[in-house]
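Structural description and commentary
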Amino acid sequence: MDQSVAIQETLDDGENCLIAVQCLLLLDNGTESRLLGLVEHIKEHALFMFMHRRMAITGSDVTLQKIIPISYDFSVVEVSSPEELAVVGADTRLRVTFLNEEIEFKLPFGSHTRLFLSEVNRAWCDVCEQYPKSPKFDWLTKYQKSAKEPGSLPSIAASTGKIAKRERSHSADTRGHKEDKHTNSSTDKARGEGAHEKKESLIWPTPWIDNRETSSQERVKGEGRNELVRLSTHTVSNKAQMLTMPQFGLRDTLIKCELLKNEDAYTYIENFSFFLGTYNVNGQTPKESLRSWLGCTPQPPDLYCIGFQELDLSKEVFFFNDTPKEQEWMKAVSEGLHSDAKYALVKLVRLVGIMLLFYVKKEHAEHISDMEAETVGTGIMGRMGNKGAVAVRFRFHNSDVCVVNAHLAAHVEEYERRNQDYRDICSRMLFRQLDPTLSPLTIMKHSIVLWLGDLNYRISDLEVDHVKDLIMKKDFETLHNHDQLKRQMDEEAVFVDFLEGEIEFQPTYKYDMGSDKWDTSEKCRVPAWCDRILWKGKNITQRHYRSHMTLRTSDHKPVSSLLEIGIKVVNEESYKRTLEDIVRSLDKLENECIPSVCLSKSEFHFKDVKFMQHRAETLTLHNDGQVPCKFEFIKKLDEPAYCKPWLTANPSRGFLAQGDSVDIDLELFVNRSTAPELNSGQQQLEDILILHLERGKDFFISISGSYLSSCFGSSIHTLCQLKEPIQDMPLETIRELSLMATSETNSPDTEKALDIPKELWMMVDHLYRNASKQEDLFQQPGLRSEFEEIRDCLDTGMPDTLPGSNHSVAEALLLFLDALPEPVIPFSFYQQCLECYFTSGQCKMIISMLPQCHKNVFNYVTAFLRELLKNSAHNRLDVNILATVFAALLIRSPTKQDIMEKRKTQEFFQHFLVQETH
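Reading the values: rules and limits
Residues numbered from 1 in each chain as written. Predicted model: local features only at pLDDT ≥ 70, side-chain atom pairs only at ≥ 80, totals over all residues. Heavy atoms only, no water. Helix = DSSP H or I, 4+ residues; strand = E, 2+ residues; numbered from the N terminus. Expected span 1.5 Å × (residues − 1). Contact = heavy atoms within 4.5 Å. Pairing = 2+ DSSP bridges. Axes fitted to C-alpha atoms, helices over the stretch in contact; angles between N-to-C directions. Core = buried A, V, L, I, M, F, W, Y, C linked by side-chain atoms within 4.5 Å. Buried < 20%, exposed > 50% of the residue type's maximum accessible area, 1.4 Å probe, protein only. Left-handed = near helix turned anticlockwise from the far one by under 90°. Nonpolar A, V, L, I, M, F, W, Y, C, P; charged D, E, K, R; others polar. Parallel < 35°, antiparallel > 145°, perpendicular 65-115°, else oblique. Phe/Tyr/Trp six-rings, centres within 6.5 Å; stacked < 30°, edge-to-face > 60°. pLDDT = per-residue confidence, 0-100.

End to end, helix H11 (residues 415–428) covers 20 Å across 14 residues, agreeing with the expected 20 Å (1.5 Å per residue, within 8%). Of the surrounding elements, those touching the buried residues of H11 are strand S13 (368–377), strand S14 (388–396), strand S15 (399–407), strand S16 (448–454), helix H14 (484–490) and helix H20 (784–796).

Now the structure itself:
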């Protein structure tokens, strides 16, 4: 369902742009769903409220109900009743006011709502920046007839009159603020009144010093310390906007930084119990109570983090990520929690079959904030979610915690692949911060990291009978010395600085379903501790680490760990004193000196860059000035970003205390979107970064490099013209061939082209000869190091045979097809494919009209896939799997593809995988 597309269609005007969309419920009719869209027209904004059908996909599925212009007479207040204060995950209740009209909304709890509200906040900032010019909203008139509710669009004339009055008031307010910078807004005053009956707060990011989302009760407790910040800051209007305005960002950052430095002065350590559980359920439904697992502790834990793997093994969930088993297992968990306490479900996050549930005791719910959830798939091509991880990060009191539930690559020999999955999860799991100007947080940026899941590390170098004999003797220490995870941690290949408790329970994999018997299948798996729980951080003590043998639903046994974790809790009086000292010292520093930094170097050159090869250089900034400073890479004139798409600066912005230094990684990575223009010579690895100091000067950093042309990211037409490896060809020749491919012309001097690219032939031929019976082909990823060897072999012609495993060659083939600038079925034929997907004859007619080299590639690939299907008993492939994987690569959409289009392209491609019978 793409609701934003549906709303954009109703706008019917290219100048009116949908900025953000959010689902909501009206309080006066809690049974009907609505959509709220923020629409922009030349720096004027309005909220459009729609009714929508449950599966709104097109403009005809939504009906415009109300329009609310965002002007000086617009305000939004968060409203919470006392009953809602302690419930984490509760909906956000808002009151929107415009002129004399008030409407109350409910928005769902989570990061999407916060992002939507931040966009509304930014729209209101635009109104302030345009002062004294007032928005006219003439463009809204044409929608007035479309709105179904009488009076849904206030009179533009009336609105303008009100705005004019407000301007005079606004001007007076501003003059008053200039005279007294400690003036509090009328809104702030109103927030303090009637707090015992109903708590109201502006939705804008308010000046909480720790810059985190706090519950309403926390705000009541922290009113004293928050008031100090307001008093130390120039108030610009009666909208409580001070710390969201650019000129106040540095001061807020300084205070936050100083508070972090002095955290020990106002916090103390209090222990809380965390119950961590992991269970690979092998696609089963819950058949027994989970109380013996989840309720096994004498005292009820303060927090629960429960991870599942292989929740659903069906193809539907693999490709469309939808399963009824999510609710079934969530219900089983809720019923299995410790019976001596009441718990609130804070978060559920799932990726295909990997699910994480986070519960807390209800009395702790008000102290949970900054909640974010993310997922990372590490399956084939690094995208599929059959393997990977889900994670939540949150702040509990004053400690930040990250919980990861991972399912890593299977099979005894694939420990390197598991190591790679771990590294991918660590690098790609990024959590957005409440302040959108701050860089995302990685897993390891948290002071407490809890990692659980089916990590799939096995027992090596022991025969199955020897392993079972050691288990019978309970000689777990000897057995653990052969554990792959222990060996990899000892070598510091993975989980550096993580700890795991002593294992005093027998391996949790693999059992016959419904029993405690070891695997009696033909494969007779060696028992292993696949299911593990590890942690990283200070003040953590493990109270138990055990398996739960009485649960027999799966071929795994669940595992639990009870951790006692020291959490930083704020002492309010100490916090107030510390904050007063910081504000006092900053007042002395302010405006005394200009920020200054020195750079380690200003020119960087990357030599011989290759496709999908990560390269990095380090730029060191040192604050040699007299005051702290804030730095940021800024965009050049008429450019969409601060750097070219193949380059990233990490961090791209930040804060430097006096005398401190920071290392900025300048990371270069050429992928499928940037390779084509580099291969063809239309672009070079050249860029200039502008490093800006707030209230200081700009620095210019030169980036250059040489790129080695690759078959990955080159067009089919170009590759068919190349008889030699691409890196043996002059760049000028490649550029000319690329231009010919773009113009679809052939030079009269051109030799007869190859039928298909030789690189494609090498990969398919290798797989045909070596991998026809390979299990899980095109479903299990290869190793990145082996892909790099395969890429170099194809680009240089050395050696003659492809290196690496069958899975690595298969993944290289998929990456090759994915990186083609023009897909095998060109973009110009995409719509025709959607229109005739159900008729085999018409589908084949389209293929007959393709350019000759594209038609040859399509026929060659489909012939190879049909050969693989002849060995489906061994390789476990079927038409659905191949159609899903290859249709997405061969029939790519020139724009974003919705679910319906995806299904049509798969059905189109299936016609070519089924053998014709005569």
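What follows is about the sheet that holds strand S22 (residues 615–623). Spatially, four strands are ordered S20-S22-S26-S24 in an open sheet, and the strand pairing comes out antiparallel. Edge strands, defined here as strands with exactly one partner in the open sheet, are strand S20 (597–599) and strand S24 (647–650). Across the sheet, the axes of successive neighbouring strands diverge by a mean angle of 25 degrees, strand direction being ignored. As paired strands, S20 and S22 are joined by three bridges and run antiparallel to one another. If you follow Leu599 over to S22, its bridge partner there is Leu621.

Another point: the nonpolar core. In terms of nonpolar packing, the biggest core is built from 101 residues, with Phe778, Leu865, Phe886, Phe908 and Phe909 touching the most fellow members. Those residues within four positions of Phe778 in sequence are excluded, and the remaining contacts are Ile380, Leu767, Ala810, Leu813, Leu814, Phe864, Leu865, Leu868, Leu882, Val885 and Phe886. Counting 49 residues, the second largest nonpolar core, distinct from the first, contains Leu303, Ile354, Ile448 and Ile567.

Quick look at unusual backbone geometry now. Residue Lys510 is bonded to the preceding Tyr509 through a cis peptide linkage, with omega at 5 degrees. For the peptide bond that leads from Asn650 to Pro651, omega is 5 degrees, which places it in the cis range. Examined against the element boundaries, Pro651 turns out to sit in the loop between S24 and strand S25 (653–656). The backbone phi angle of Asp461 is positive, close to 65 degrees, even though this residue is not glycine. Relative to the helices and strands, Asp461 resides in the loop between S16 and helix H12 (464–472).

Next up on the list: the packing of helix H19 (residues 758–770) against helix H21 (residues 806–818). Packing of H19 against H21 leaves a shortest axis separation of 10 Å and a crossing angle of 145 degrees. As H19 packs across H21, the resulting crossing turns out to be left-handed. In this structure, H19 contributes Glu759, Leu760, Met763, Val764, His766, Leu767 and Asn770 to the contact, and H21 contributes Asn806, Val809, Ala810, Ala812, Leu813 and Phe816. Residue composition of the contact of H19 with H21, grouped by class: nine nonpolar, three polar and one charged.

For Met49, the position within the fold is in strand S3 (residues 44–52). Its relative accessible area of 3% is what places Met49 among the buried residues. Expressed as a C-alpha distance, the spacing of Met49 and Gly37, which sit 12 residues apart in the sequence, is 6.4 Å.

Next up on the list: the sheet that holds S14. In space, the five strands of this open sheet follow the order S13-S14-S15-S16-S17, with mixed pairing throughout. Looking along the sheet, the strands with just one partner apiece sit at the ends: S13 and strand S17 (531–536). Recorded for the sheet is a direction-independent mean angle of 10 degrees between the axes of neighbouring strands. In this sheet, S16 lies alongside S15 in parallel orientation, the contact comprising seven bridges. Pairing of Val404 across the sheet is with Trp451, part of S16.

With that out of the way, let us pick up the packing of helix H26 (residues 879–890) against helix H27 (residues 899–910). Look at H26 against H27: their axes get within 8 Å of each other, and the N-to-C directions meet at 110 degrees. Taken together, the axes of H26 and H27 lie roughly perpendicular to each other. For H26 against H27, the interelement crossing comes out right-handed. Here H26 contributes Val879, Asn880, Leu882, Ala883, Thr884, Phe886, Ala887 and Leu890 to the contact with H27, which in turn contributes Thr905, Gln906, Phe909 and Gln910. Of the residues contributing to the contact of H26 with H27, the split by class is seven nonpolar, five polar and no charged.

The next subject is the environment of Ile68. Topologically, Ile68 is positioned in strand S4 (residues 62–69). Overall, the relative accessible area of 6% leaves Ile68 in the buried class. Between the alpha carbons of Ile68 and Thr97 there is a distance of 8.9 Å; along the sequence they are 29 residues apart. Sequence-distant contacts of Ile68, that is, excluding residues within four places in its chain, are made with Ala46, Leu47, Phe74, Val96, Phe98, Ile103 and Phe105.

With that settled, consider H19. For H19, spanning 13 residues, the distance from its first C-alpha to its last is 18 Å, which sits close to the expected 18 Å at 1.5 Å a residue. Residues of H19 that are buried: Lys758, Glu759, Leu760, Met763, Val764, Asp765, His766 and Leu767.

This model, assessed by the stated rule, comprises 28 aromatic pairs. Arranged with centres 5.9 Å apart and planes meeting at 25 degrees, the rings of Phe633 and Tyr642 form a pair that is stacked. One exposure class covers both Phe633 and Tyr642, and it is buried. Taken together, a centroid distance of 5.9 Å and an interplanar angle of 80 degrees make the contact between Phe712 and Phe816 edge-to-face.

For the chain, mean pLDDT is 81; residues scoring 70 or higher make up 78% of the total. Ignoring residues within four places in sequence, the model shows residues 23–32, a span with pLDDT below 50, making 31 contacts including any to other chains. This stretch, residues 82–89, has a pLDDT under 50; its non-local contacts, to residues over four places away or in other chains, come to 18 contacts.

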